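Now for the letters of each chain:
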Amino acid sequence: MKLTQKILLSLASMFIVSCATEVSKNQPAESMTPSTQTASSVELAKGEPSAVKSGTFVAGEHETKGTVRIVTKNGKSFLELNSDFQTSNSGPDLFVILHKSDNVLNTTKPPSYPIKKGEYAMIAPLQKYNGAQSYAIPENIDLAQYKSTAIWCRQFNATFGTASLSS
């Protein structure tokens, strides 16, 4: 008898909780009190990324195009390649990097545009050759030191494309 009562009590509790969740989901926004609306707006504002720097890619060794931006969200920095990003798929070891120069291509020589050690910080391996993607920037990287981002082939020290970053 006790087992049956526990099962019924559990089912009733689950039913009540699910009904309460449904009611709160279906309530119109107008029924929220002003203090609730303010709290929700503050939470939304904290969760929304704010752009710090942005730029547009230019081709280096290979055609690279699209836009990039560095955003801060919840106190952390991210480098985001937008949906219009595209680069060549001919690189075997591509990385997203930050570079200290605002014009990487002018600091090096064609056709591969090699870069020197100490002038850049590696963020992460490139996830895909086109489309939107996001990379967490390690906290130990001082963004004030870096003025551009690049898609770089580590194996052949070749810069596929670069974007100068501005506020």
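Keep in mind the model is a prediction, meaning the values are calculated, not measured. (Residues numbered from 1 in each chain as written. Predicted model: local features only at pLDDT ≥ 70, side-chain atom pairs only at ≥ 80, totals over all residues. Heavy atoms only, no water.)

S.K.: Can you tell me about the sheet that holds strand β3 (residues 67-73), naming the residues and giving the values?
M.R.: Overall, antiparallel pairing links the 8 strands, which are arranged β7-β6-β9-β10-β1-β3-β4-β8 in an open sheet. The strands lining the two open edges of the sheet, one partner per strand, are β7 (120-125) and β8 (133-136). The mean inter-strand angle of the sheet, taken between neighbouring strand axes irrespective of direction, is 25 degrees. Here strand β1 (residues 50-59) pairs with β3 via 6 bridges, running antiparallel. By the bridge assignment, Gly55 is partnered in β3 with Val68. (Pairing = 2+ DSSP bridges. Helix = DSSP H or I, 4+ residues; strand = E, 2+ residues; numbered from the N terminus. Axes fitted to C-alpha atoms, helices over the stretch in contact; angles between N-to-C directions.)

S.K.: Can you break down the environment of Trp152 residue by residue, with the values?
M.R.: Structurally, Trp152 is set in strand β9 (residues 148-153). On the basis of relative accessibility, which here comes to 4%, the residue Trp152 falls in the buried class. Along the primary structure Trp152 and Gly60 are separated by 92 residues, whereas in three dimensions their C-alpha atoms are 9.5 Å apart. With sequence-adjacent residues up to four places away left out, Trp152 is seen in contact with Asp93, Leu94, Phe95, Ile97, Ile115, Tyr120, Met122, Asn157, Ala158 and Thr159. Here the side chain of Trp152 touches Asn157 through a polar contact of 2.9 Å, side chain to side chain. (Buried < 20%, exposed > 50% of the residue type's maximum accessible area, 1.4 Å probe, protein only. Contact = heavy atoms within 4.5 Å. Polar contact = N/O pair within 3.5 Å; in protein donor to acceptor, adjacent residues only side chain to side chain.)

S.K.: Account for the pattern of salt bridges, with residues named and values stated.
M.R.: Within the structure shown, the criterion is met by 2 salt bridges. A salt bridge links Arg69 to Glu80, with the nearest nitrogen and oxygen atoms 2.9 Å apart. Separated by 11 residues along the polypeptide, Arg69 in strand β3 and Glu80 in strand β4 (residues 76-81) bring together distant segments of the chain. With relative accessibility at 28%, the residue Arg69 sits in the partly exposed group. Linking Arg154 and Asp93 is a salt bridge whose minimum nitrogen-to-oxygen distance equals 3.0 Å. With Arg154 in the loop between β9 and β10 (158-164) and Asp93 in the loop between β5 (86-87) and β6 (94-99), this pair connects stretches of sequence that are 61 residues apart. For Asp93, a relative accessible area of 18% puts it in the buried group. (Salt bridge = Lys/Arg side-chain N within 4 Å of Asp/Glu carboxyl O.)

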